[in-house]
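Structural characterization, general
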Amino acid sequence: MEGFRHSSKADREFYELRRRAYGPDPDISVDPPGLARLRELEAADRADVNPLPVASASENAADSEATADAASVEHPVPRWSRLYWAGAALVLAGGIVTTTLLLSAPRPDATLHPSGAAVDNRLPGLLLRGAPLLKIEASTLRGYGSYLGLEIYFGVNAFDSPCLVALHRASGNLSDVRCAPAPADLMMDVASSRDGFEGFEGRAGDGIIRFVLRDDTVDAYVYLIPEAD
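Residues numbered from 1 in each chain as written. Predicted model: local features only at pLDDT ≥ 70, side-chain atom pairs only at ≥ 80, totals over all residues. Heavy atoms only, no water.

Taking 1.5 Å of rise per residue, 16 residues should cover 22 Å, and helix α2 (residues 32-47) covers 23 Å from first to last C-alpha, within 8% of that figure. Here α2 has its buried residues at Pro 32, Gly 34, Leu 35, Ala 36, Arg 37, Leu 38, Leu 41, Glu 42, Ala 44 and Asp 45. (Helix = DSSP H or I, 4+ residues; strand = E, 2+ residues; numbered from the N terminus. Expected span 1.5 Å × (residues − 1). Buried < 20%, exposed > 50% of the residue type's maximum accessible area, 1.4 Å probe, protein only.)

Turning our attention to the packing of helix α1 (residues 8-22) against α2. Remark: α1 packs on α2, axes separated minimally by 10 Å, with the N-to-C direction vectors making an angle of 120°. Considering their axes alone, α1 and α2 lie oblique with respect to each other. For α1 against α2, the interelement crossing comes out left-handed. Note on element contacts: α2 touches α1 through Gly 34, Arg 37, Leu 38, Leu 41, Glu 42 and Asp 45, opposite Glu 13, Phe 14, Leu 17, Arg 18, Ala 21 and Tyr 22. Among the residues making up the contact of α1 with α2, the classes are represented as 6 nonpolar, 1 polar and 5 charged. (Axes fitted to C-alpha atoms, helices over the stretch in contact; angles between N-to-C directions. Parallel < 35°, antiparallel > 145°, perpendicular 65-115°, else oblique. Left-handed = near helix turned anticlockwise from the far one by under 90°. Contact = heavy atoms within 4.5 Å. Nonpolar A, V, L, I, M, F, W, Y, C, P; charged D, E, K, R; others polar.)

Before going further, it helps to spend a moment on the side chain of Asp 219. With respect to the helices, strands and loops of the structure, Asp 219 is situated in strand β8 (residues 217-225). A distance of 2.9 Å separates the side chain of Asp 219 from the side chain of Thr 111, its partner in a polar contact. Dropping the residues within four chain positions of it, Asp 219 is found in contact with Pro 108, Ala 110, Thr 111, Arg 210, Phe 211, Val 212 and Arg 214. (Polar contact = N/O pair within 3.5 Å; in protein donor to acceptor, adjacent residues only side chain to side chain.)

Before going further, it helps to spend a moment on the state of the cysteines. Note on terminology: a disulfide is the covalent bond linking the sulfur atoms of two cysteines. In this structure the tally under the stated criterion is 1 disulfide. The disulfide that involves Cys 163 links it to Cys 179, with 2.0 Å between the sulfurs. Measuring handedness by torsion sign, the sulfur bridge of Cys 163 and Cys 179 sits at about 105° and is right-handed. Of this pair, Cys 163 sits in strand β4 (residues 162-168) while Cys 179 sits in strand β5 (residues 174-179), placing them 16 residues apart in sequence. Residue Cys 163 is classed as buried on the basis of its relative accessible area of 0%. (Disulfide = S-S within 2.5 Å.)

Let us now look at the sheet that holds strand β1 (residues 110-112). Strand pairing in a sheet relies on backbone hydrogen bonds. The paired strands run either parallel or antiparallel. Judged by pairing direction, the sheet is antiparallel, and its 4 strands sit side by side in the order β1-β8-β7-β6 without closing on themselves. In this open sheet, the two edge strands, each paired with only one partner strand, are β1 and β6 (187-191). Across this sheet, the average inter-strand angle for adjacent strands is 25°, counted without regard to direction. Bridge count for strand β7 (residues 206-214) against β8 is 9 bridges, and the pairing is antiparallel. Paired with Phe 211 across the bridge in β8 is Ala 220. (Pairing = 2+ DSSP bridges.)

Judged by pairing direction, the sheet is antiparallel, and its 4 strands sit side by side in the order β2-β3-β4-β5 without closing on themselves. Edge positions in the sheet fall to β2 (142-147) and β5, since each has one partner strand and no second. Pairs of neighbouring strands in the sheet enclose a mean axial angle of 20°, with direction left out of account. Bridge analysis of β2 against strand β3 (residues 150-156) gives 4 bridges, and the strand direction is antiparallel. Residue Tyr 147 lies in a different strand from β3, and its bridge partner there is Leu 150.

Moving on, we get to the pairing of β8. The side chains of a regular strand alternate between both faces of the sheet. Here β1 pairs with β8 via 3 bridges, running antiparallel. Within β8, the position partnered with Leu 112 by the bridge is Val 218.

Right, let's talk about unusual backbone geometry for a bit. Following Ala 182, the chain continues to Pro 183 via a peptide bond in cis, the omega torsion being 5°. Following the sequence through the fold, Pro 183 ends up in the loop between β5 and β6. Positive phi outside glycine occurs at Leu 148, with the angle close to 50°. Its location among the elements puts Leu 148 in the loop between β2 and β3. Phi at Asp 215 is positive, roughly 55°, even though this residue is not glycine. Tracing the backbone shows Asp 215 in the loop between β7 and β8. Of the residues examined, Asp 215 reaches a relative accessible area of 79% and is grouped as exposed.

Purely geometric stuff here, so don't read any function into it on its own.
Right, dumping it as structure tokens:
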């Protein structure tokens, strides 16, 4: 057979124009003469006839005016390419929102980790007297060290709920105890004026320290009202 399909030069031209229109980085939409030529070759290919002669420079200039408007409206961009860029834009937008939320969230003043130290031997008795209804198992208690004069402990009660315990180190008083069934957030607010002591060690002003259990760590957030001059 003779015709367009056997013209190696036309084949190469047709392949290059199709690559520019349907390849990974399409750019033919900004080349009206090239777009017009691609449509001519596609029409010839469908009809299985000899390719049209290559247009002269003057003809290309005339054709460019006729095809400029069409090129600005109809872009031969493959559907998969449009879907790819739409998906990429959604992923980028989601990343921006997540980053904004992370940066705007309050940061803890301290993060406590399991200390491995022995539990204060006063604590089981204090829990029995001060929080008997919570039924915290003494064998599950473990320490998270001290922060601003408070010793922080983690434990599990008879209902399999995680618990946080704050012991005022200087006075030996039980400052606060909180339990919450999983998967609820567990937090404990300790007031600066509780149990006969005023202020937190090294911090002036009245307020609270909020302790929040985070997997295997405890975050501490300090909220104090500055003392009046």
